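Spelled out, the chains give:
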Amino acid sequence: MPLAWALLLWLGLSARGGWSCLQCVPSVQEALSHLRFMLVPGRFHEERLQARAQSLILGMEGPFFRDYALNAFVGKVGTARLDAVASFVKNQTKTFSDDSLRDEPLLEQLVNFRRDVLRELKKVLKEYELKACHPKICHLLQEEVLDCFLCQKIVPQCIKYDYCFINRQPRMALQYSPRSRYPWDQAALGITVSMFLALLLFVVILISVYVYRQNRRLLLQ
């Protein structure tokens, strides 16, 4: 079963869309691949733990960081800043060869390793997006930029506000601004709906009381 999962993930890596910012750097991919062969299955005795560790590292080699870069940010990063993250990844992978952790503790360390790499990647993704989304700064961008999906260097360009810090879809406005296309903003609409429901409830109570009194009068006759 673990071999089947590994094969499927490997096939996914071979597709063009399987690249991510970090895996655009060959040395990072080599470091993660070396880490996988060094740890799995040698330091995991249970097949269940082997499968989880294999999937976790293969995910880092493939779609995990790509999906994060494309869904949480615009998927572009300055190449100089990415080099620092790549160095961080390679240095961290070396620490695994210096310890003797196995099984559950080792798997936990791998999870923490992925979290730390993600945190470093987030910094550079956010740094570029803050500049590219700022209307007064974006035109001054001169740094070399890497497209995380295509793994190609591109010319930096301004990003529309609607595409900033979201999953590459136009921002769904909360309708609290003057640009709202609705007659009221959500706060006014919520108040209106609440008042209407309260009035409707009051009418229902009045009708119920009236019907009750009519029925009681008929019973007493």
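Calculation notes
Every chain's residues receive numbers from 1 upward, in the order its sequence appears when written. pLDDT decides what is reported in this predicted model: residues at 70 or higher carry local features, side-chain atom pairs at 80 or more are listed and counted, and totals for whole chains, interfaces and linings draw on all residues regardless. Side-chain numbers here rest on the full set of heavy atoms in the structure, without hydrogens or water. Secondary structure follows DSSP: runs of H or I at least 4 residues long count as helices, runs of E at least 2 residues long count as strands, and numbering of each begins at the N terminus. Contacts are residue-level and defined by heavy atoms, with any inter-residue pair within 4.5 Å sufficient. Values of accessible area rely on a 1.4 Å probe in the Shrake-Rupley scheme; residue burial ignores everything except the protein chains shown. Residues enter patches when they are more than 30% accessible in relative terms and free of salt bridges; like-charged ones are connected within 9 Å and nonpolar ones (Val, Leu, Ile, Met, Phe, Trp, Tyr) within 5 Å. Criterion for a salt bridge: a side-chain nitrogen of Lys or Arg within 4 Å of a carboxyl oxygen of Asp or Glu. A pair of strands is treated as paired once DSSP finds two or more bridges between them. Axis angles are defined between N-to-C directions and span 0 to 180 degrees, where every axis is a line fitted to C-alpha atoms and, for a helix, only to the segment in contact.

The chain goes by Izumo sperm-egg fusion protein 2 in an unreviewed UniProt entry, where it is assigned to Orycteropus afer afer.

Caption draft 1: Examining the overall build of the chain more closely. Looking only at helices and strands, one finds seven helices and three strands in the chain. The N-to-C order of helical and strand elements in the chain reads α-α-α-α-β-α-α-β-β-α. Considering only intrachain contacts with a sequence separation of at least 6, the fraction spanning at least 24 residues in the chain is 74%. Surface summary for the chain: the accessible area is close to 14,500 Å², and the carbon and sulfur share equals 61%.

Caption draft 2: Highlighting a nonpolar patch on the surface. Residues L199, F202, V203, L206, I207, Y210 and V211 make up a contiguous nonpolar surface patch of roughly 680 Å² in combined accessible area. Position of I207 among the secondary structure elements: in helix α7 (residues 186-220).

Caption draft 3: Inspection of the side chain of T79 at higher detail. You can see T79 is positioned in helix α5 (residues 79-95). Excluding anything up to four places from it in sequence, T79 contacts E144, V145, L146 and K153.

Caption draft 4: Spotlight on the sheet that holds strand β3 (residues 152-154). With antiparallel pairing, three strands are arranged side by side in an open sheet as β1-β2-β3. A strand with exactly one partner marks an edge of an open sheet, and here the two such strands are β1 (76-78) and β3. Taken pair by pair, the neighbouring strands of this sheet meet at an average axis angle of 40 degrees, ignoring direction. Relative to strand β2 (residues 145-147), β1 is paired through three bridges, and the arrangement is antiparallel. Opposite G78, over in β2, you have V145 as the bridge partner.

Caption draft 5: Focus on unusual backbone geometry. P41 follows V40 through a cis peptide bond whose omega is 0 degrees. Here P41 is to be found in the loop between α2 (26-39) and α3 (47-61). Here the phi dihedral of D103 falls at roughly 55 degrees; this positive angle occurs in a residue that is not glycine. Mapping D103 onto the fold places it in helix α6 (residues 103-132). One non-glycine residue, C151, adopts positive backbone phi at about 55 degrees. Tracing the backbone shows C151 in the loop between β2 and β3.

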